[in-house]
Structures are given as structure tokens and as C-alpha cells.
Amino acid sequence: MQLLLHAVSDAPLITVARYASTGEARLAKTKLEDAGIPCMLANADQSGLTPMFDATEGGVQAKVPANRADEARNVLDLPE
């Protein structure tokens, strides 16, 4: 999936949000993709398996091309 995102944009991927659950992260991914912003989820497969993957330790990370990060934060209504 990361290769697909790099094909869409040459910008490096950065984390714009972290979520405690895969469900929350998938909802954010859907919002971003509906706004035309490519997104990938990191750690989605490990979420919920151990306490080390909770939101304070990384959780499920929503990653977008760096050149779309501010736009992504606006879509997700996150502080910049």
C-alpha cells in the first residue's frame, strides 16, 4: 500500500493522527480518502494485541503525504 501512495505523490509519508483502535483509524482513513487525500494506516494489524500499541505508544497511525498534511489535519479537525 505504501508503494501506491508514493506513486500518487512523491512526498514522504508522515503521521497526522494516532488512534487507539483500528475502527477509529479506518473512519479517519475513509474521511481522508473521501476528501481526495491518500492515506495508509500503520500498526493496524497490531492494534489491540498488546498494551504497547495503545494511542500513547503509537497506536494505529494515519499517514499521508507530507505535502497534504495540513489539509488532512483540517479534514480530521485536528490542531496543526
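Reading the values: rules and limits
Residues numbered from 1 in each chain as written. Predicted model: local features only at pLDDT ≥ 70, side-chain atom pairs only at ≥ 80, totals over all residues. Heavy atoms only, no water. Helix = DSSP H or I, 4+ residues; strand = E, 2+ residues; numbered from the N terminus. Buried < 20%, exposed > 50% of the residue type's maximum accessible area, 1.4 Å probe, protein only. Contact = heavy atoms within 4.5 Å. Areas by Shrake-Rupley, 256 points an atom, 1.4 Å probe, with all protein chains shown as cover. Polar contact = N/O pair within 3.5 Å; in protein donor to acceptor, adjacent residues only side chain to side chain. Core = buried A, V, L, I, M, F, W, Y, C linked by side-chain atoms within 4.5 Å.

K.L.:
Is there a simple way to explain the overall build of the protein in this structure?
P.N.:
The helix and strand inventory of the protein stands at three helices and three strands. For the protein, the succession of helices and strands along the chain, N to C, is α-β-α-β-β-α. Each of the 80 residues in the protein was classed as buried or not, and the buried ones make up 41%. Within the protein, contacts between residues separated by at least 24 positions form 68% of all contacts whose residues are at least 6 apart in sequence. When the accessible surface of the protein is totalled, it reaches about 4,800 Å², and 52% of it is carbon and sulfur.

K.L.:
Hey, could you run me through the side chain of Gln61 in this one?
P.N.:
Positionally, Gln61 belongs in strand 3 (residues 60-65). A distance of 3.2 Å separates the side chain of Gln61 from the side chain of Thr15, its partner in a polar contact. Of the polar contacts made by the side chain of Gln61, one reaches the side chain of Lys63; its length is 3.4 Å. Leaving out residues up to four positions away in the same chain, Gln61 has contacts with Thr15, Ala17, Arg18, Met40, Leu41, Ala42 and Asn43.

K.L.:
What's the story with the nonpolar core in this structure? I'm lost.
P.N.:
Note that soluble globular proteins tend to have their nonpolar side chains buried in a common cluster. Core analysis: the largest hydrophobic core is formed by 16 residues, its most contacted members being Val16, Tyr19, Leu32, Leu41, Ala62, Val64 and Leu76. For this core, the elements supplying multiple residues, two or more each, are strand 1 (13-19), helix 2 (22-34), strand 3 and helix 3 (69-75). Residue contacts for Ala62: discarding those within four places in its chain leaves Ile14, Thr15, Val16, Ala17, Tyr19, Cys39, Met40 and Leu41.

K.L.:
How do you make sense of the environment of Pro12 when you look at a structure like this?
P.N.:
Assignment of secondary structure puts Pro12 in the loop between helix 1 (2-8) and strand 1. We classify Pro12 as exposed; its relative accessible area is 52%. Distance from Pro12 to Ala66, taken between C-alpha atoms, is 5.6 Å for residues 54 residues apart in sequence.

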